[in-house]
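Residue strings, one per chain:
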Amino acid sequence: MKKYNFNAGPCILDRSVIEKTAQAILDFNGIGLSLAEISHRSKDFQPVIDEAEALVKELLQVPEGYSVLFLGGGASLEFCMIPYNFLKTKAAYLNTGVWAKKAMKEAKLFGEVVEVASSADANYTFIPKGWECPTDVDYLHITTNNTIYGTEIRKDLDVPVRMIADMSSDIFSRPIDVAKYDAIYAGAQKNLSMAGVTIVIVKNDALGHVDRQIPTMLDYRTHVEKGSMFNTPPVVPIYTALENLRWMKAQGGVEAMDKLAQQRAEIVYGEIDRNKLFRGTVAEEDRSVMNLCFVMKDEYKELEKEFMEFATSKGMVGIKGHRSVGGFRASCYNAQSIEGCQALVACMKEFEAQH
Ligand SMILES: *Cc1c(COP(=O)(O)O)cnc(C)c1O
């Protein structure tokens, strides 16, 4: 039976990206050695990281004066590296979910944190609006896509200070105006690669303004100066990222990814709204096109387990909602096919007809 992968992360990658990675692990570029057993400083690997960096710059139209880094530690390490490198006295954070809260917790170790707004009281079912960003902060931190709750800020905000964004789960799914940000970071395992590498796009001028001592590995300047080669970078996930970047470019870049995301969302949200059994969990205007969350309507609550089993029997994988939301979550990252979304919709319709 064909499996449709709706996992929230690590998650779906295009089959060709997986196959090329597998091939490179067996025999890299026909050199008779595995990608996993050659030096990261070799003439064979250097072009991989160079091309990956160039493609990130090309696809996101990264302006001059920014560096693209490939680091370890996941997005979670960035929660600490960001304030370490950028927070002088005070930073503003928009609290839109668990990941934002974790980022705030780390920032509090380095200075004052102003929570500009929060939707915690409503279990993060919307993106707070109408808040004001203080002007005396070092930066405003936002989480563009809230993977767990299925809300998204799908535009580059206009605020009076520099922004720093956790784009772990929606980077490369739309064009972004990088110039508005001092830093953008993303754990790769949701829209870029397999787990193990974190991409950071950082404005060079914005570094070096804090007085504190920064441990070498946690100082972005180390990685800027050494082209992400201060120590051994995660070579295999970087290679997978390269193959995925090539794939995205061949599909038409982030504009094409954006269009596909809108199409997938229309198909799935359309059915959530039409089907008598289901309802979406978040404010319509804040719906994520990456993580589509829904539950059974109250009067059908007892069917939840049955639908889960039914969907699984039809090949749907990973649609169980996060425990803090319940219900279902269909993650539709870049490699998710329209066919996959149609299969999910067919499954929802068939289940409805049976009840
Ligand atoms: C998954 C996720 C993280 C955590 O990423 P790790 O790489 O596992 O540390 C952080 N932020 C967002 C928005 C995420 O979706």
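Conventions adopted
- Every chain begins its residue count from 1, and numbering advances along the sequence as written.
- Local features in this predicted model are restricted to residues of pLDDT 70 or higher, and side-chain atom pairs are both shown and tallied only at a pLDDT of 80 or more, whereas totals for entire chains, interfaces and linings draw on every residue.
- Side-chain descriptors were evaluated using all non-hydrogen atoms of the structure, hydrogens and water having been removed beforehand.
- Starting at the N terminus, helices and strands are each numbered in turn, a helix being any DSSP run of H or I of at least four residues and a strand any DSSP run of E of at least two.
- Each residue is assigned to one of three classes by its accessible area relative to the maximum for its type, calculated with a 1.4 Å probe on protein chains only: buried under 20%, partly exposed between the two thresholds, exposed over 50%.
- Residue contacts are counted whenever heavy atoms from the two residues lie within 4.5 Å of one another.
- His is not counted, nor are the chain ends, whereas Lys and Arg count as positive and Asp and Glu as negative.
- Here the site of a charge means NZ on Lys, CZ on Arg, CG on Asp, or CD on Glu.
- Any two strands are treated as partners once DSSP identifies two or more bridges connecting them.
- Axis geometry follows a simple rule: fit a line to the C-alpha atoms, using only the stretch in contact for helices, then measure angles between N-to-C directions, giving values from 0 to 180 degrees.
- Residue proximity to a molecule or strand is established when one non-hydrogen atom of the residue lies within 4 Å of it.
- Residues adjacent in sequence count toward polar contacts only when both atoms are side-chain atoms; beyond that, a polar contact is any pair of N or O atoms within 3.5 Å, and within protein one must be able to donate a hydrogen and the other to accept it.
- Charged residues are taken to be Asp, Glu, Lys and Arg, nonpolar residues to be Ala, Val, Leu, Ile, Met, Phe, Trp, Tyr, Cys and Pro, and polar residues to be all remaining types, Gly included.
- Any angle that falls under 35 degrees is termed roughly parallel, while one over 145 is termed roughly antiparallel, one within 65 to 115 roughly perpendicular, and all others oblique.
- For a crossing to be left-handed, the near helix must be turned anticlockwise from the far one by less than a right angle; the clockwise case is right-handed.
- Aromatic rings from Phe, Tyr and Trp, taking only the six-membered ring of Trp, are treated as a pair when their centres fall within 6.5 Å; an angle between ring planes under 30 degrees marks them as stacked, one over 60 as edge-to-face, and anything in between as tilted.
- When a carboxyl oxygen of Asp or Glu is within 4 Å of a side-chain nitrogen of Lys or Arg, the pair counts as a salt bridge.
- Only buried Ala, Val, Leu, Ile, Met, Phe, Trp, Tyr and Cys residues count toward a nonpolar core, and they belong to the same one when joined by side-chain atoms within 4.5 Å.

Participant: Before we move on, can you summarise the overall build of the protein with the specific residues and values?
Facilitator: A count of helices and strands for the protein gives 9 helices and 14 strands. Looking at the protein residue by residue over its 355 residues, the buried ones come to 56%. Considering only contacts in the protein between residues 6 or more positions apart, those separated by 24 or more positions represent 66%. Distance between charge centroids for the protein: 3 Å, based on 40 positive and 47 negative side chains.

Participant: Kindly report on the sheet that holds strand E4 (residues 112-118), identifying the contributing residues and their values.
Facilitator: In sheet architecture, strand pairing relies on hydrogen bonds along the backbone and comes in two forms, parallel and antiparallel. Reading across from one edge, E2-E10-E9-E8-E5-E3-E4 is the order of the 7 strands in this open sheet, with mixed pairing throughout. The sheet is open, and its two borders are formed by strand E2 (66-71) and E4, each paired with just one other strand. Averaged over all neighbouring strand pairs, the angle between strand axes comes to 15 degrees, with direction disregarded.

Participant: How would you summarise the site of the ligand if you had to cite specific residues and measurements?
Facilitator: Taken together, 13 residues lie near the ligand, and Ser-76, Thr-147, Asp-166, Gln-189 and Lys-190 sit nearest. Within the side chain of Ser-76, one N or O atom sits 2.6 Å away from an oxygen atom of the ligand. In this structure, a nitrogen atom belonging to the ligand sits 2.6 Å away from a side-chain N or O atom of Asp-166. Across the shell around the ligand, the residue classes tally to 3 nonpolar, 8 polar and 2 charged.

Participant: Outline the pairing of strand E8 (residues 163-166), supporting the account with residue identities and numerical values.
Facilitator: On a regular strand, one side chain projects to one face of the sheet and the next to the other, so that they alternate. Where burial is concerned, the two faces of E8 agree: the one with Met-163 and Ala-165 and the one with Ile-164 and Asp-166 are both buried. Bridge count between strand E5 (residues 140-143) and E8: 4 bridges; the pairing is parallel. When the bridges of E8 are listed, His-141 appears paired with Ile-164. Note: E8 against strand E9 (residues 181-187), 4 bridges, orientation parallel. Counterpart to Asp-166 in the pairing with E9 is Tyr-185.

Participant: An account of the environment of Asp-219 is needed here, citing residue identities and associated values.
Facilitator: Position of Asp-219 relative to the elements: it lies in the loop between strand E10 (198-203) and helix H5 (220-225). For the pair Asp-219 and Gly-208, spaced 11 residues apart in the sequence, the C-alpha separation amounts to 9.1 Å. Discounting residues that sit within four places of it in the chain, Asp-219 has contacts with Met-81, Asn-85 and Ile-214.

Participant: Please give an account of the packing of helix H3 (residues 74-86) against helix H4 (residues 98-107) that cites residues and values.
Facilitator: Running from N to C, H3 and H4 cross one another at 40 degrees; their axes reach a closest spacing of 8 Å. In terms of axis orientation, H3 runs oblique to H4. Crossing geometry of H3 relative to H4 is assigned as right-handed. Along its contact with H3, which presents Ser-76, Phe-79, Cys-80 and Pro-83, the element H4 presents Trp-99, Lys-102, Ala-103, Glu-106 and Ala-107.

Participant: Can you lay out the sheet that holds strand E14 (residues 328-331) for me, pointing to particular residues and giving the numbers?
Facilitator: Overall, antiparallel pairing links the 3 strands, which are arranged E11-E12-E14 in an open sheet. At either margin of the open sheet sits one strand with a lone partner, and together these are strand E11 (278-280) and E14. Taken over all neighbouring pairs, the strand axes of this sheet differ in orientation by 35 degrees on average, direction set aside. Sheet topology places E11 next to strand E12 (residues 291-296); 3 bridges connect them, and they run antiparallel. Across the sheet, residue Arg-279 finds its bridge partner in E12, namely Val-295. Along the sheet, helix H8 (residues 304-313) makes contact with E11, E12 and E14, crossing E12 at roughly 130 degrees.

Participant: Describe the packing of aromatic side chains, and please don't skip the residues or the numbers.
Facilitator: Per the counting criterion, the structure on display carries 15 aromatic pairs. Aromatic pair Phe-278 and Phe-294: ring centres 5.5 Å apart, planes at 80 degrees, arrangement edge-to-face. With Phe-278 in strand E11 and Phe-294 in strand E12, this pair connects stretches of sequence that are 16 residues apart. Of the two residues, Phe-278 and Phe-294, both sit in the buried class.

Participant: Lay out the pattern of salt bridges in plain terms, naming residues and giving numbers.
Facilitator: Under the criterion given, the structure shown has 22 salt bridges. As a salt-bridge pair, Glu-339 and Lys-2 come within 3.9 Å of each other at their nearest N and O atoms. Of this pair, Glu-339 sits in helix H9 (residues 338-353) while Lys-2 sits in the segment before strand E1 (4-5); the two residues are 337 residues apart in sequence, bridging distant segments of the chain. Put simply, Arg-287 and Asp-273 hold a salt bridge, and the shortest N to O gap is 2.9 Å.

Participant: Can you lay out the nonpolar core for me, pointing to particular residues and giving the numbers?
Facilitator: Counting residues in each nonpolar core, the largest one holds 92 residues, and the members touching the most others are Leu-60, Phe-172 and Phe-307. Those residues in contact with Phe-172, other than ones at most four positions away along the chain, are Val-56, Leu-59, Leu-60, Leu-192, Ile-199, Leu-245, Met-248, Val-254, Met-257 and Asn-334. Within the second largest apolar cluster, 29 residues are counted, among which are Cys-80, Ala-103, Met-104 and Tyr-220.

Participant: I'd love a proper account of the pairing of E2, names of residues and values included.
Facilitator: Across the 6 residues of E2, 6 count as buried, placing the element largely inside the fold. The alternating pattern of E2 places Tyr-66, Val-68 and Phe-70 and Ser-67, Leu-69 and Leu-71 on opposite faces, both of which are buried. Where E2 meets E10, 6 bridges bridge the pair, whose relative direction is antiparallel. Of the residues in E10, the one forming a bridge with Ser-67 is Val-202.

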